[in-house]
Amino acid sequence: SFTGTLPHPGFDPGASLRLTTAGTTTLDLLGWGIEPLAGVPATMTVQSGQAMAVSWTAPTVSPPASDPVRVEITLNVNGHGLVGSHVDCVAPDTGSFTIPEPLVTALLADGLSGFPTATVRRTTTDSADVAAGCVELDVRSQVTIDLTIPGLTSCSGNDDCTPPQTCQADLTCG
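Conventions adopted
Residues numbered from 1 in each chain as written. Predicted model: local features only at pLDDT ≥ 70, side-chain atom pairs only at ≥ 80, totals over all residues. Heavy atoms only, no water. Buried < 20%, exposed > 50% of the residue type's maximum accessible area, 1.4 Å probe, protein only. Helix = DSSP H or I, 4+ residues; strand = E, 2+ residues; numbered from the N terminus. Arc of directions from axis to C-beta. Contact = heavy atoms within 4.5 Å. Core = buried A, V, L, I, M, F, W, Y, C linked by side-chain atoms within 4.5 Å.

### Observations concerning helix H1 (residues 101-109)
When H1 is considered as a whole, its buried residues turn out to be Val104, Leu107 and Leu108. End-on, the buried residues of H1 take up no more than an arc of 95°, which puts them together on one face. Relative to its buried face, H1 has exposed residues pointing more than 90 degrees away, namely Pro102 and Ala109. Elements that come into contact with the buried residues of H1 comprise strand E4 (52-55), strand E5 (70-76), strand E6 (87-92) and strand E7 (96-99).

### Some points on unusual backbone geometry
Cis geometry is adopted by the peptide bond preceding proline 9, which originates at histidine 8 and carries an omega value of -5°. Relative to the helices and strands, proline 9 is located in the segment before strand E1 (16-20). The amide bond that connects proline 163 to the next residue, proline 164, takes the cis arrangement and shows omega of 10°. Phi is positive for phenylalanine 115, which is not a glycine, with a value near 60°. In this structure, phenylalanine 115 sits in the loop between H1 and strand E8 (117-130). Its identity is not glycine, yet leucine 171 carries a phi of approximately 65°, on the positive side. Tracing the backbone through its elements, the reader meets leucine 171 in the segment after strand E9 (133-148).

### Focus: the nonpolar core
Core analysis: the largest hydrophobic core is formed by 23 residues, its most contacted members being Met52, Leu75 and Leu147. Breaking this core down by element, the ones donating at least two residues are E4, E5, E6, H1, E8 and E9. Excluding anything up to four places from it in sequence, leucine 75 contacts Met52, His86, Val87, Ile99, Val104, Leu107, Thr117, Ala118 and Leu147. Core analysis: the next-biggest nonpolar cluster, separate from the first, contains 6 residues, Leu29, Ile34, Val69 and Leu137 among them.

Okay, here's the thing in structure tokens:
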């Protein structure tokens, strides 16, 4: 219902962030102002039999030891298919991480669909359990990478495919 404007980002890198509530359920969650994620490639190629090296610009401001920042990488090559497999990795925020070849190969073997992506998130999270469940303060910056997979052509319609192929329900030409 907020109709005003908010600054973006809503915090400075290195800023201490705090979420507190009062009333029946009180919370006191802490966060840390992360730097926007930069230096992530817009596209990458991923293929069976090869590890996938992901890089980004390492932060210039170090977080306090009590609030570690991490990078989460999600590799999803079948978002439009029926197989819900994906690879999630958590890495220190050093500027690079390599998804091991066996994970990449197994994921690709489990099935592909159109428009595969990898998501890279710089994040810091604090949480508290309350009667209704868990409440999180998640401060993040996120970038999505479009993936190219040899032999896979993504499509939105038949015009994206080379005849006699047509666009299939999983958004691949076949």
